[in-house]
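# Chains, contacts and geometry: an overview
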Amino acid sequence: MTVKTAPGTQIGFRAYLWQFKSGVVAAVSANAAGHAGFGLGDGSIALRPFDDPEAGTTRRLIAHPDAALLCMAASPDGEGFVSGGDDGQLMLTNVAGEGHALAMVPRKWIEHVAVSDSGDAIAYAAGKRVGLLDARGNAIATFEDHPSTVTGIAFNPKGRRLVAAHYGGVSLWWAKAEPQPAKRLNWKGSHIAATWSPDGKFVMTATQENELHGWRLSDSADMRMSGYPTKPRSLSWSRDGRWLATSGAEVVVVWDCKGKGPMGSAPLELSRGAVVTAVACHPRHGLIASGHADGQLKLGRINDQTSIELERLGTAPVTALGWSADGRYLLAGAEDGTAGILDFGTGA
């Protein structure tokens, strides 16, 4: 553990770092249980308590034995994690190590999982299938009418609708069991990530063509934001839904989504350095954490566009980034298995 103050600021934090043998796929806070979970490529979840990150050795939860963990989110009750693997299983694992399968898709990989903000629903994607479950893991519906493999899923703020990204655009589904046709929002090319704005106004995707694409849901109008040198795979919204932070450039690219949307306006640029590989907006304040291709973590402030360096995980690209619900802890993980918790104390 190291205690640091960010250069040129009064922002102090404690940094706790570990080295795992497998790359970090996800860094997730189980808020109710008071634990950070690092989903690892070897199928396990490395567990650390927030109240004493240095305590003893890291606990390991085996979520996907003899398989790779591909995606992870906090469980609806905040007591554990929902994860998907290349074993075709969607697993629910609590911090005590108790786990069971919520769904199984033979001969498919479960590559995407989402939990609604209300905690009422869970969704997962495997191939062309999107499965919808209630908070207890009971199946509600299965949506398979997609033109290609689903590459990203997200709930709307109320958890009543679901977006699935795929080749040629996205499909919108109501989160209910009744038979229904998908509403298609079309745009050529391969869409590789999807997100729904916290105010419900926009659906945004990252594309294989190094662009951001979006739709204003009030009239299905298209928005196209180009100029990225690499694919903007990581997308994160500010709490009020005004700002969308994205990876994919040597700065954090932040789009202003007030009014009719960001198309035609210049974005803000924060935290210049190596290519940004992960972004996470603070849950309470106008701050954006970023992870970079050289292992550096940075923190940018929207209102005056200033940025500071925080901690360097190592030299490998940062692959996972997330805040605890209260904004006190920043969780980060890298491609080489380096992981960390930054504790900003009560002032974060």
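Structure's up top.
In short, a report on the structure. The structure displayed is predicted, hence computed values, not measured ones. (Residues numbered from 1 in each chain as written. Predicted model: local features only at pLDDT ≥ 70, side-chain atom pairs only at ≥ 80, totals over all residues. Heavy atoms only, no water.)

## Some words on the pairing of strand β13 (residues 129-134)
The pairing of strand β12 (residues 121-126) with β13 spans six bridges and is antiparallel. Looking at the pairing, A125 lines up with V130 of β13. Where β12 folds back onto β13 in an antiparallel hairpin, the turn is made up of two residues, including G127, whose phi is positive at roughly 65°. In the sheet, β13 pairs with strand β14 (residues 139-143) via four bridges, with the strands oriented antiparallel. Considered in β14, the bridge of G131 is made with T142. (Pairing = 2+ DSSP bridges. Helix = DSSP H or I, 4+ residues; strand = E, 2+ residues; numbered from the N terminus.)

## Some details on the sheet that holds strand β6 (residues 59-62)
Taken together, four strands build an open sheet; the order of strands is β3-β4-β5-β6 and the sheet is antiparallel. Because the sheet does not close on itself, it has two edges, and the strands there are β3 (24-30) and β6. The average angle at which neighbouring strand axes cross in this sheet is 25°, direction not considered. As defined by bridge partners, strand β5 (residues 44-49) adjoins β6 across four bridges and the pair is classed as antiparallel. Bridging from a neighbouring strand, L47 pairs with R59 of β6. (Axes fitted to C-alpha atoms, helices over the stretch in contact; angles between N-to-C directions.)

## A few points about the sheet that holds strand β22 (residues 243-246)
One open sheet holds the four strands; their spatial order is β21-β22-β23-β24, and the pairing between them is antiparallel. Edge strands, defined here as strands with exactly one partner in the open sheet, are β21 (235-237) and β24 (268-270). Across the sheet, the mean angle separating the axes of adjacent strands is 25° when strand polarity is ignored. For β22 and strand β23 (residues 252-256), the ladder comprises four bridges, and the chain directions are antiparallel. Within β23, the position partnered with T246 by the bridge is V253.

By themselves, these observations are geometric and do not establish any function.
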